[in-house]
Amino acid sequence: VQMVESGGGLVQAGGSLRLSCAASERPFTSYSMAWFRQAPGKEREFIATIAWNAATTHYADSMKGRFTISRDNPKNTVYLQMTNLKPEDTAVYLCAISRIFGTDLVDEYSYWGQGTQVTVSS
């Protein structure tokens, strides 16, 4: 399964971006999709995950309010809408797939994209 993120770039503080991540195929009968991010010198950080039903979501507490995850199952695609971006949001954003829902553990995710860079200037 190949996963490709897009939509990253350079944005000023207070701006918005919408990230996309498309999987090349459906890896499991049902699966959750998630977004993580990783800043230089820091551990990978969980942002949000969305269940197969596209209605149930789980966010890291620190990500609630400015980030919204959604998915399009026929397209095997997950999205991350980011608003009111801050310089501390600068990171590589990665999508991932898991057989289970609700986990924020990196090891529970089977497939990963290469990431898309988001840079927020002050």
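Residues numbered from 1 in each chain as written. Predicted model: local features only at pLDDT ≥ 70, side-chain atom pairs only at ≥ 80, totals over all residues. Heavy atoms only, no water.

Brief notes about the nonpolar core
Core analysis: the largest hydrophobic core is formed by 34 residues, its most contacted members being Trp35, Ile47, Ile69, Val78, Leu80, Met82 and Tyr93. In terms of residues, this core owes the most to one element, strand 9 (residues 91-98), which gives 5 residues. Here methionine 82 is in contact with Gly15, Ser16, Leu17, Leu19, Arg66, Phe67, Tyr93 and Val118, once residues within four sequence places are set aside. (Core = buried A, V, L, I, M, F, W, Y, C linked by side-chain atoms within 4.5 Å. Buried < 20%, exposed > 50% of the residue type's maximum accessible area, 1.4 Å probe, protein only. Helix = DSSP H or I, 4+ residues; strand = E, 2+ residues; numbered from the N terminus. Contact = heavy atoms within 4.5 Å.)

Digging into the state of the cysteines
Counting across every chain of the model gives 1 disulfide. One disulfide in the model links cysteine 21 with cysteine 95; its S-S distance is 1.9 Å. Residues cysteine 21 and cysteine 95 are joined through a disulfide that is right-handed, its torsion about the S-S bond being 50 degrees. Here cysteine 95 lies in strand 9 and cysteine 21 lies in strand 3 (residues 17-23), a separation of 74 residues in the sequence. Assessed through its relative accessible area of 0%, cysteine 21 is described here as buried. Residue classification places cysteine 95 among the buried positions, given a relative accessible area of 0%. (Disulfide = S-S within 2.5 Å.)

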